[in-house]
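Chain by chain, the residues:
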Amino acid sequence: MLGQLQAGSCQAYFVSERGGEVKCAKGMRVLSDYSFETCPQADIIVIPGGRGTRIEAKNPAMLAFMRRMDAASEVTTSVCTGSFVLEAAGILTGKRATTHWGSIAPMKALGTVTVVEGTRFVDEGRLITASGVSAGIDMALHLVGRLWGPPLARMVQEAMEYFPDPPYGDVPIPQPG
């Protein structure tokens, strides 16, 4: 694996098709560090979810980029509907995966993935998919624990003050349809 986590040993960066500024679906702007062409190989890849995944799952440049990056990564992950980008790139074919509860039926309809319902994340070794935004935090802590050990994952969890105690924890999880 990646070895011991040392201060400054990890570099996180954003990537977009052309690099530079990207305006997100709800107006937020993100400054990407690299374009698909200039992006260095990554050990860990995280594909976020959201409205943009519907477009990117049909973008040949994105799908080719994902296949190239995934081929050399240690771990490729997705959060929420980011799993649709991985599916469209062929990365999820024949694998178990999850996605946001509201997109379970469309993912099942594709017929290429064994969709796991009612779980926060699915770990298939090199591939981890999370069901939604908060499940993405669970997945990230799981990955830190897997790569650098549970003690560091617990330290990260404590530093984030991530101890879920939702005010509406008794509300059942909505079901699609």
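Please refer to the structure higher up on the page.
What this report covers is the structure whose coordinates are included nearby.

Considering the sheet that holds strand E6 (residues 75-79)
Reading across the sheet, the four strands line up as E5-E6-E10-E9 and stay open at both edges, with mixed pairing between neighbours. Because the sheet does not close on itself, it has two edges, and the strands there are strand E5 (44-47) and strand E9 (121-123). Ignoring which end each strand starts from, the neighbouring axes of this sheet average 10 degrees apart. The strands that helix H2 (residues 60-72) touches are E5 and E6; relative to E5, the one it contacts most, it runs at about 145 degrees.

Considerations on the pattern of salt bridges
This structure, assessed with the given rule, holds seven salt bridges. Between Lys 108 and Glu 117 there is a salt bridge; the shortest N-O distance is 2.4 Å. A relative accessible area of 42% means that Lys 108 is categorised as partly exposed. Judged by relative accessible area, which is 41%, Glu 117 ranks as partly exposed. Across the pair Asp 138 and Arg 120 runs a salt bridge, and its minimum N-O distance is 2.7 Å. Taken together, the residues Asp 138 in helix H5 (residues 133-148) and Arg 120 in the loop between strand E8 (114-115) and E9 connect sequence positions 18 residues apart. Overall, Asp 138 belongs to the buried group, its relative accessible area being 18%.

Focus on the packing of H5 against helix H6 (residues 150-160)
Axis separation between H5 and H6 bottoms out at 6 Å; the angle between their running directions is 145 degrees. For H5 against H6, the interelement crossing comes out right-handed. Of the residues in H6, those in contact with Ile 137, Leu 141, Val 144, Gly 145 and Trp 148 of H5 are Pro 150, Leu 152, Ala 153, Val 156, Gln 157 and Met 160. Classifying every residue of the contact of H5 with H6 gives nine nonpolar, two polar and no charged.

Here's the deal with unusual backbone geometry
Peptide bonds are mostly trans, and most non-glycine residues show a negative phi. Its identity as a non-glycine residue notwithstanding, Cys 80 has a phi of 60 degrees, on the positive side. Looking at the element boundaries, Cys 80 is found in the loop between E6 and helix H3 (83-88). One non-glycine residue, Glu 161, lies in the positive phi region at around 55 degrees. In this fold, Glu 161 is placed in the segment after H6.

Quick look at H5
If you check H5, its first and last C-alpha atoms are 23 Å apart, about what 16 residues at 1.5 Å a residue would give, namely 22 Å. Every buried residue of H5 is listed here: Ala 135, Gly 136, Asp 138, Met 139, Leu 141, Leu 143, Val 144, Gly 145, Leu 147 and Trp 148. Backbone geometry just after H5 places Gly 149 at a positive phi near 100 degrees.

Focus: the nonpolar core
Counting 22 residues, the largest nonpolar core has Phe 65, Met 66, Leu 86 and Leu 92 as the members making the most contacts within it. Of all the secondary-structure elements, those providing two or more residues to this core are E5, H2, H3 and helix H4 (104-110). In terms of residue count, the dominant contributor to this core is H2 (five residues). Other than its neighbours up to four places away in sequence, Leu 86 contacts Ile 47, Met 66, Thr 76, Thr 77, Ser 78, Ile 91, Leu 92 and Leu 127. Membership of the second largest hydrophobic core comes to 12 residues, among which are Val 79, Ala 130, Val 144 and Trp 148.

Definitions and cut-offs
- Residues numbered from 1 in each chain as written.
- Predicted model: local features only at pLDDT ≥ 70, side-chain atom pairs only at ≥ 80, totals over all residues.
- Heavy atoms only, no water.
- Pairing = 2+ DSSP bridges.
- Helix = DSSP H or I, 4+ residues; strand = E, 2+ residues; numbered from the N terminus.
- Axes fitted to C-alpha atoms, helices over the stretch in contact; angles between N-to-C directions.
- Contact = heavy atoms within 4.5 Å.
- Salt bridge = Lys/Arg side-chain N within 4 Å of Asp/Glu carboxyl O.
- Buried < 20%, exposed > 50% of the residue type's maximum accessible area, 1.4 Å probe, protein only.
- Left-handed = near helix turned anticlockwise from the far one by under 90°.
- Nonpolar A, V, L, I, M, F, W, Y, C, P; charged D, E, K, R; others polar.
- Expected span 1.5 Å × (residues − 1).
- Core = buried A, V, L, I, M, F, W, Y, C linked by side-chain atoms within 4.5 Å.

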